[in-house]
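Examining the three-dimensional arrangement
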Amino acid sequence: MTKSLKGSNNISLGSVLIANLAAYYALIQGDAIVGLNFIALLNNWQQILPAGFTLILVGIVNAQLSANAKARIIFTRWNDPLPGCRAFTELIKTDTRISPSKLKKAVGTFPTSPSKQNALWYSLYKSIESEPAVEQVHKSFLFARDYACLSLFMIVIFGILGWFQIISTKAYLIYLGVLIGQVFFVCRAARIHGNRFVTTVLARKSVGAEGGTNE
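The following refers to the structure shown. Computed from a prediction, not measured in an experiment: that's the story for all the values here.

Quick word on the overall build of the protein chain
- For the protein chain, the count of helices and strands is 10 helices and zero strands.
- Along the chain direction, N to C, the helices and strands of the protein chain fall in the order α-α-α-α-α-α-α-α-α-α.
- A total of 215 residues make up the protein chain; the buried ones form 41% of that total.
- Sequence separation of at least 24 residues holds for 74% of the intrachain contacts in the protein chain that already meet a minimum separation of 6.
- Carbon and sulfur atoms make up 64% of the accessible area of the protein chain, which totals about 11,800 Å².

As structure tokens, then:
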């Protein structure tokens, strides 16, 4: 299921990489674009090759990172970074869709250790992973998580290359600020989606599939 969800996000992630590459190329070819100098644009296409090849490598490297490694980046925690590790001590209190009393009747006493919390949460997730509400929020989390990791790599790639290829220092600093802003907002979105993924599973299990907690 996870592999199929990740696979369905590949086109979107590829679009993100292409959009960032196009924005970078537009910046380093600003004068040619403003002057509609298409000949110059065609003649200077080689300038984008280093960034293009590096982005391909980044996509490969990103695919090799474990879920734990990506969670460390997103949630800025080294130990027990997965959101399921805080399912019953923290996140259960943040979502009004969840009925803790009903959930406790179904699973017993809530664990407090991070590893046991994640193990229990994961077992609950596996029992309803094919439900549309759960599948959708899981897909959103995987996309935001991978996008956030890619955006961090892109700061390094475009930040270094831009220093040499962007003529205007002011334009470079503004662009660097945009890259940093991209990381901030996408990481924030990934954290929100990750926590929502955890609480959606708890909500569905606490009131049952007929409880109307899809939203």
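That shown, we press on.
A short note on helix α6 (residues 67-75)
- Every buried residue belonging to α6 is among K70, A71, I74 and F75, and all of these are buried. Buried residues of α6, seen end-on, are gathered within an arc of 115° and therefore sit on one face of the element.
- Trailing α6 by a residue or two, T76 shows a phi angle of about 45°, which is positive.

Quick look at the pattern of salt bridges
- Tallying each qualifying case throughout the model produces six salt bridges.
- D146 is paired through a salt bridge with K70; the nearest N and O atoms lie 2.8 Å apart. Here the residue D146 occupies a position in helix α9 (residues 132-165), and K70 occupies one in helix α6, the gap between them amounting to 76 residues. Neither D146 nor K70 differs from the other in exposure class; each is buried.
- For the salt bridge of D95 with R97, the shortest nitrogen-to-oxygen distance reads 2.7 Å.
- Residue class for D95 comes out buried when judged on its relative accessible area of 9%.
- Among the residues examined, R97 registers a relative accessible area of 16% and is labelled buried.
- A single network of salt bridges, built from pairs that share partners, joins K70, R145 and D146.

Structural notes on unusual backbone geometry
- Of note in this structure, T76 is not a glycine but carries a positive phi near 45°.
- On the secondary structure map, T76 appears in the loop between α6 and α7 (100-107).
- Of note in the backbone geometry, D80 takes a positive phi value of approximately 50° without being a glycine.
- Structurally, D80 can be placed in the loop between α6 and α7.
- The partly exposed category is assigned to D80, whose relative accessible area is 36%.

Rules used throughout
- Residues numbered from 1 in each chain as written.
- Predicted model: local features only at pLDDT ≥ 70, side-chain atom pairs only at ≥ 80, totals over all residues.
- Heavy atoms only, no water.
- Helix = DSSP H or I, 4+ residues; strand = E, 2+ residues; numbered from the N terminus.
- Buried < 20%, exposed > 50% of the residue type's maximum accessible area, 1.4 Å probe, protein only.
- Contact = heavy atoms within 4.5 Å.
- Areas by Shrake-Rupley, 256 points an atom, 1.4 Å probe, with all protein chains shown as cover.
- Arc of directions from axis to C-beta.
- Salt bridge = Lys/Arg side-chain N within 4 Å of Asp/Glu carboxyl O.

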